[in-house]
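# Fold and contact review
Read off the chains here:
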Amino acid sequence: MTSASRLAAALAFVTAALLGGSGCAVIPVGGPFPVDEAGSGDSVTVPFQRMVAVEPKKEWSAQQVVEGLQAAMAAYGDDPSILPKYLTEEARRVWKPDGAVTVIDNSFRFDDIVENKEKKETIVTILGTKIAQINEDDTYVPVDPADDSKVTRAITLVRDAGGAFRVNLLPQGLLLTDADVRRAYRPTNLYYLNGASAGDRDPDRLVADRVRLRIKPTESFAQTVVERLIEGPTSALQGAVGNEFPDKARVRSIRSSEDRVVINLAGPFTGDTFVDGLKAQLRASLSYNKLASGRTLEVQLDGEPFSASGPLVIEPSLPERWLGSEDNQVFYTSEGAVHMLRGDGEGEPLAGPAGQPGGVYSGFAISKDRDRVAARSTAGGIWVTRHAAEARWQESIPGTELTDPSWHRDGTLWTFDRQNGQVLRSHPVVSRGPEHVAAPALQGMDVTSLRMARDGVRVAVRIGTGQVQVGALAGGGAGAMLSNFHLLTMAERDDEILDIAWGDGDHLLVLVQTKAGQVVKEINVGDGETTQLPTTSKRLASLAAVGEIILATTEDGKEILEFARDKQTWTPKPATAVNDPLFPLG
């Protein structure tokens, strides 16, 4: 019997209501309380396959017991009562399911079984490759392929008084296969605010927090999502985003009809609740996960209207202010001047100093409202000018070894001072700065690029040319800090990361030079999910992106290429003699 079969006698897959009279339990696809009907729009639940494990049998071999144990681990979230039956009393006292869930590939195997007759023990070893882990805050962290990610788990078994094998020593935590995770978990975006409790910033955007949530047969997936939303952001966004759900809030129930979903909450909501933010969090977290899309949401508190002023109703469409619709006007640099790409494909120099060639400035960045342009000077420092004929260049951040500037959506300008190892921020609109912003995780790091995301929260840094880390801007004012950094991607030996560019707050584009050629990766910063774009025969020099639009410039022909997602090809634009493509922010 192979490990891939996972001991067919020990489990069953249930994908729909099973036939009555067959001796099997009926397990509804969406939980015991399905609330949608045909024609009612998106469901508030999701279809899934449930793994059902059975108790160990006396006649099973040591390997069969371990295979059954693995099935019980996969089913543990639904039924935790089966797994302890595989363990001796001593093992039950010691083993805990807590901590990160280790995810291994589906082609794991069992090593040779070792019998120690002197100790009356049998050891069965599971050999596999770790591909990810799911942390206790539900974040999914993939393993970098360059890492040595082999998993060796030795499981010790003894025979009980009846002669049956039982597990006496089991490594802590749950071990699941990739198939187990795909069956029982769903990638889910939770949405928080880029302001409110996150320092002195007023919220104007939603920030996606990517998690893996386990589907619970006892409740709709919509309830699972809202309950996890209430808990607050993951470690990646702790202290950096606002959450309008108070501590001790909870979901009493979620009911659905053809055109309305009623969310009954409980908890200490007060008059200080930012209701527009609360509505946006709920609407986005349900609709963007394809739950209750197209249906009105009604929020109740303890079964009554949410407030004395009446019911809290959330329309099917999210208000424009939260959607993050970004300026997709294409700009580019040529011979030290910034041009705006017109509808006919030709470039038009910007009014003012930024549109005048000269070769003095490089590393241009355009502010959110296009009113200001920043650049590095060959003489040193970050300089800023307005987009106006009468404007002049003014130094905003002095320094001789600064990274290219990056605008924040609040109008501040950011760079990394490589000479002093500091993050610097200035306020060009009010002529204030520069000021040092704490970033403990970057101390001693060779930061070669720092890019603020359009959501106003996340930040990406390139370390040397070998890795990219992503963090978040926590706090505000003098208490601002770049924190929560984690490794996003690392180049293999002798490869080089040439450029990075934000597409939106969730996705970062990474241009990598490998031995075999160039690679453009589009990475979801929440869970590391990576899409590798088709290559082009032309060598690329730099990237720019906004939303679904991805641009690159070629090193030799100095032209702009646009990635056509529908055709999966790179298409040239008319503009030539281009150094770098640009979008506002990013």
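The sections below set out a description of the structure shown in this document. No experiment lies behind these values; they were computed from the predicted model shown.

### Some thoughts on the packing of aromatic side chains
- Summed over the entire model, instances satisfying the criterion amount to nine aromatic pairs.
- Here the aromatic rings of tyrosine 76 and tryptophan 95 are separated by 6.0 Å at their centres, their planes lie at 85°, and the arrangement is edge-to-face. Of this pair, tyrosine 76 sits in the loop between helix 1 (62-74) and helix 2 (89-94) while tryptophan 95 sits in the loop between helix 2 and strand 3 (101-104), and the two are 19 residues apart along the sequence.
- Among the residues examined, tryptophan 95 registers a relative accessible area of 7% and is labelled buried.
- Here the aromatic rings of phenylalanine 245 and phenylalanine 269 are separated by 6.3 Å at their centres, their planes lie at 75°, and the arrangement is edge-to-face. Linking phenylalanine 245 in the loop between helix 4 (221-231) and strand 13 (250-256) with phenylalanine 269 in the loop between strand 14 (260-266) and helix 5 (275-287), this pair joins segments that are 24 residues apart in sequence. Taken individually, phenylalanine 245 and phenylalanine 269 each receive the classification buried, so the pair is uniform in this respect.

### Considerations on the sheet that holds strand 35 (residues 517-524)
- Ordered in space as 33-34-35-36, the four strands form an open sheet in which the pairing is antiparallel. Pairing within the sheet leaves two strands with one partner each, and these edge strands are strand 33 (496-502) and strand 36 (530-533). Each strand of the sheet is rotated relative to its neighbour by a mean of 25°, with strand direction disregarded.
- Pairing geometry for strand 34 (residues 507-514) and strand 35, over eight bridges, is antiparallel. Bridge pairing in strand 35 links valine 510 to lysine 521.

### Considerations on helix 4
- Most of helix 4 sits inside the fold, with nine of its 11 residues counted as buried.
- All of the buried residues in helix 4 are Phe221, Ala222, Gln223, Thr224, Val225, Val226, Arg228, Leu229 and Ile230.
- Of the surrounding elements, those touching the buried residues of helix 4 are strand 11 (185-193), strand 12 (206-214), strand 13, strand 14 and helix 5.
- Following helix 4 by one or two positions, glycine 232 has its phi on the positive side, about 105°.

### Describing empty space enclosed by the protein
- Under the criterion given, the structure shown has three cavities of 30 Å³ or more.
- Quantified by volume, the largest cavity comes out at close to 70 Å³.
- Every residue lining the largest cavity is counted, 13 residues in all, and those nearest its centre are Gln49, Ala74, Asp78, Ala184 and Arg214.
- At three residues, helix 3 (residues 178-184) tops the list of elements feeding residues into the lining of the largest cavity.
- The calculated volume of the second largest cavity comes to roughly 50 Å³.
- Forming the boundary of the second largest cavity are Gln518, Val519, Val520, Leu533, Pro534, Thr535, Thr536, Lys538, Leu540 and Trp570.
- Looking at side-chain class alone, the lining of the second largest cavity contains six nonpolar, three polar and one charged residues.

### Quick notes on the side chain of arginine 372
- By secondary structure assignment, the location of arginine 372 is in strand 22 (residues 372-377).
- For arginine 372, a relative accessible area of 15% puts it in the buried group.
- Within polar-contact distance, the side chain of arginine 372 engages the side chain of aspartate 371 at 3.2 Å.
- When sequence neighbours within four positions are dropped, the list of residues in contact with arginine 372 reads Ala365, Ile366, Ser367, Val384, Thr385, Arg386, Trp407, Pro428 and Val429.

### Structural notes on the pairing of strand 15 (residues 296-301)
- Counting buried residues along strand 15, six of its six residues qualify, which places the element largely inside the surrounding structure.
- Where strand 14 meets strand 15, six bridges bridge the pair, whose relative direction is parallel. Opposite arginine 260, over in strand 15, you have threonine 296 as the bridge partner.
- The handedness of the strand 14 to strand 15 crossover, carried by helix 5, is right-handed.
- Where strand 15 lies against strand 16 (residues 304-305), two bridges are found, and the strand directions are antiparallel. Across the sheet, the residue bridging to leucine 301 is glutamate 304, located in strand 16.
- Turn length for the strand 15-strand 16 hairpin, with the two strands adjacent in sequence and antiparallel, is two residues, and the turn residue aspartate 302 shows positive phi of about 55°.

### Brief notes about the pairing of strand 22
- Counting buried positions over the six residues of strand 22 gives five, a clear majority of the element.
- Count of turn residues in the strand 21 (residues 361-366)/strand 22 antiparallel hairpin: five residues, of which arginine 370 carries a positive phi of about 65°.
- Across five bridges, the pairing between strand 22 and strand 23 (residues 382-386) is antiparallel. Bridge pairing links arginine 376 to isoleucine 382 in strand 23.

### Re the side chain of asparagine 524
- Relative to the helices and strands, asparagine 524 is located in strand 35.
- In contact with asparagine 524, other than residues within four places in its own chain, are Arg210, Leu488, Asp506, His507 and Glu529.

### Some remarks on the layout of surface pockets
- Taken as a whole, the largest pocket encloses approximately 1,200 Å³ of empty space.
- Taken together, the residues of the lining of the largest pocket break down into 21 nonpolar, 14 polar and 15 charged.

About the criteria used
- Residues numbered from 1 in each chain as written.
- Predicted model: local features only at pLDDT ≥ 70, side-chain atom pairs only at ≥ 80, totals over all residues.
- Heavy atoms only, no water.
- Phe/Tyr/Trp six-rings, centres within 6.5 Å; stacked < 30°, edge-to-face > 60°.
- Helix = DSSP H or I, 4+ residues; strand = E, 2+ residues; numbered from the N terminus.
- Buried < 20%, exposed > 50% of the residue type's maximum accessible area, 1.4 Å probe, protein only.
- Pairing = 2+ DSSP bridges.
- Axes fitted to C-alpha atoms, helices over the stretch in contact; angles between N-to-C directions.
- Contact = heavy atoms within 4.5 Å.
- 1 Å grid on protein atoms, 1.4 Å probe; cavity = no way out; pocket = protein on both sides within 12 Å on 5 of 7 lines; lining within 4 Å.
- Points joined across faces, edges and corners; volume = space filled by probe spheres on them.
- Nonpolar A, V, L, I, M, F, W, Y, C, P; charged D, E, K, R; others polar.
- Polar contact = N/O pair within 3.5 Å; in protein donor to acceptor, adjacent residues only side chain to side chain.
- Right-handed = clockwise from strand over helix to strand, strands pointing away.

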